[in-house]
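Fold and geometry: a report
Listed here are the chains, written in short residue letters.
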Amino acid sequence: MSAAVGGRPVPAPPAVAATVFGERLGLATRYAELLAGSGVERGLVGPREAERIWQRHVLNCAVIGEVVPAGARVVDVGSGAGLPGIPLALARPDLRVTLLEPMARRVTWLIEVIGELGVEVRVHRGRAEDAAVRSLLGGCDVVTARAVAPMGRLTGWTLPLLRPGGLLVAMKGATAGDEVADDRAAIEGFGGRAIRLYDCGSGIVDPLTRVVLVERRLGTQRPR
Ligand SMILES: C[S@@+](CC[C@H](N)C(=O)[O-])C[C@H]1O[C@@H](n2cnc3c(N)ncnc32)[C@H](O)[C@@H]1O
């Protein structure tokens, strides 16, 4: 059964969503409706995404929680319409999540949505590489990012936000292996180590959610 938002059908959550979101399934469902409703109307999400909002967006993002340690402080860089940060925060209430996004109209929408969901997620307007952002949000345990920049540039922007030993979780899909091969030297030059690919969401999403994991080396200066 589907709900209709602004004339667009929003599929009901698949049964497996209950295992991902538990008692927060209602909040995840409301977020899916907001994405497919005002998110589409205000140009944050394409109109064709409404019918695949669960598999391609909400669940696809939530499953990266598999690689995020308990209690981590997480910054979602280039959050856009809250992806992957909001599904991750809903699936993992133990995390402290900040959504980082430079575009004013996206930030406005994110603040409205977080207010409506009533969850403890912070929203900050800025660019990952800005000194003010590094000073305010730096030292976090995990950075997440989906569709923000190629691996080399993304690593240069985001490793300085991590504490030494912290983890970049970059959602990269089919391009993951090629991006790592192309940018390995740059990633290591920025202080990245233990670069690996990992597939999240077995039994939940198909295709699996492929991430590139990069640790910030211990004992390195923050790259500039
Ligand atoms: C293609 S969108 C992806 C949005 C969301 N992560 C998703 O997967 O739907 C890229 C987002 O990255 C943001 N962005 C671009 N450069 C950035 C930077 N230097 N720091 C933080 N965010 C940035 C853009 O404003 C945009 O919202």
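Going by the structure above, here's the rest.
Here is a short report on the structure shown in this document. Since this is a predicted model, take the numbers as computed values, not measurements. (Residues numbered from 1 in each chain as written. Predicted model: local features only at pLDDT ≥ 70, side-chain atom pairs only at ≥ 80, totals over all residues. Heavy atoms only, no water.)

1. Here's the deal with the packing of helix α7 (residues 151–158) against helix α8 (residues 176–189)
The following threshold applies: Here an axis means a line fitted to C-alpha atoms, over the contact stretch when the element is a helix, while the angle between two N-to-C directions is reported on a 0 to 180 degree scale. In this description a helix means any DSSP run of H or I spanning at least four residues, a strand means any run of E spanning at least two, and both kinds are numbered starting from the N terminus. Any angle between 65 and 115 degrees counts as roughly perpendicular, while under 35 counts as roughly parallel, over 145 as roughly antiparallel, and the rest as oblique. Throughout, a crossing is termed right-handed when the near helix is turned clockwise from the far one, and left-handed when it is turned anticlockwise from it by less than a right angle. Contact between two residues is taken to exist if any of their heavy atoms lie within 4.5 Å; hydrogens are not considered. Classification convention: Asp, Glu, Lys, Arg as charged; Ala, Val, Leu, Ile, Met, Phe, Trp, Tyr, Cys, Pro as nonpolar; all other residues, Gly among them, as polar.
Direction vectors running N to C along α7 and α8 enclose 40°, while the axes themselves pass 8 Å from each other. Classed by the angle they form, the pair α7 and α8 counts as oblique. Of the two elements, α7 crosses α8, and the hand of that crossing is right-handed. Taken together, the residues of α8 that come into contact with α7 (itself represented by Met151, Gly152 and Thr155) are Glu179, Asp183, Ala186 and Ile187. In terms of residue class, the contact of α7 with α8 is made up of three nonpolar, two polar and two charged.

2. Observations concerning the pattern of salt bridges
Applied cut-off: Salt bridge criterion: a side-chain nitrogen from Lys or Arg within 4 Å of a carboxyl oxygen from Asp or Glu. Here's how the labels work: a residue is buried when its accessible area is under 20% of the maximum for its type, exposed when over 50%, partly exposed in between, all with a 1.4 Å probe on protein chains only.
Counting across every chain of the model gives 13 salt bridges. Two residues, arginine 184 and glutamate 188, come together in a salt bridge whose shortest N-O distance is 3.8 Å. Of the two residues, arginine 184 and glutamate 188 are both situated in helix α8; the distance of four residues between them amounts to about one turn of the helix. With a relative accessible area of 36%, arginine 184 lands in the partly exposed category. Residue glutamate 215 is joined to arginine 193 by a salt bridge in which the shortest nitrogen-to-oxygen separation is 2.6 Å.

3. Describing the site of the ligand
Test applied: Residue proximity to a molecule or strand is established when one non-hydrogen atom of the residue lies within 4 Å of it. Two N or O atoms count as a polar contact when they lie within 3.5 Å, although within protein this holds only if one can serve as hydrogen donor and the other as acceptor, and sequence-adjacent residues are included solely when both atoms are side-chain atoms. Only the protein chains shown count as cover for residues, and the accessible areas themselves come from Shrake-Rupley with a 1.4 Å probe.
In the vicinity of the ligand lie 16 residues, with Leu83, Glu101, Arg106, Glu129 and Arg146 positioned nearest. Between leucine 83 and the ligand, the recorded distance is 2.7 Å, taken from a backbone N or O atom to a nitrogen atom. One of the side-chain nitrogen or oxygen atoms of glutamate 129 is found 2.8 Å away from a nitrogen atom of the ligand. If the ligand stood free it would expose 600 Å²; the protein chains cover 80% of that surface. The residue makeup of the shell around the ligand, split by class, is eight nonpolar, three polar and five charged.

4. Here's the deal with the sheet that holds strand β3 (residues 73–77)
Selection criterion: When DSSP locates at least two bridges between a pair of strands, those strands are taken to pair.
What the seven strands build is an open sheet, ordered β5-β4-β3-β6-β7-β9-β8; its pairing is mixed. Strand pairing shows two members of the sheet lacking a second neighbour, β5 (121–125) and β8 (192–200), which therefore form its edges. Each neighbouring strand pair of the sheet contributes to a mean axis angle of 20°, computed without reference to strand direction. Inspection of the sheet shows β3 paired to strand β6 (residues 140–146) by three bridges, in the parallel sense. For aspartate 76, the partnering residue across the bridge sits in β6 and is threonine 144. Against the sheet, α7 contacts β3, β6, β7 (162–171) and β9 (209–216), and its axis sits at roughly 145° relative to β7. Each of β8 and β9 touches α8; the most contacted strand, β8, lies at about 165° to it.

5. As for the nonpolar core
Just so we agree on the cut-off: Definition used in this section: a nonpolar core is a set of buried Ala, Val, Leu, Ile, Met, Phe, Trp, Tyr and Cys residues joined via side-chain atoms within 4.5 Å.
Residues Phe21, Tyr31, Leu35, Trp54, Ile86 and Trp109 are the most contacted members of the largest nonpolar core, which totals 52 residues. Those elements that place two or more of their residues in this core are α1 (17–21), α2 (25–41), α3 (53–62), α4 (85–91), β4 (96–101), α5 (104–117), β7 and β9. The dominant element in this core, judged by the number of residues it contributes, is α2, at seven residues. Ranked by size, the runner-up nonpolar core spans 24 residues in total, among them Leu137, Leu154, Trp157 and Val180.

6. A few points about α8
Note the cut-off: In a helix, the anticipated span is given by 1.5 Å times the number of residues less one. Each residue is assigned a bend, namely the angle between axes fitted to the seven residues that terminate at it and the seven residues that start at it.
For α8, spanning 14 residues, the distance from its first C-alpha to its last is 19 Å, which sits close to the expected 20 Å at 1.5 Å a residue. At aspartate 183, α8 shows its largest kink, close to 65°. Of all the positions in α8, only Ala176, Glu179, Val180, Asp183 and Ile187 are classed as buried. For α8, the secondary structure elements touched by its buried residues are α7, β8 and β9. Positive phi shows up at glycine 191, right after α8, with a value of about 100°.

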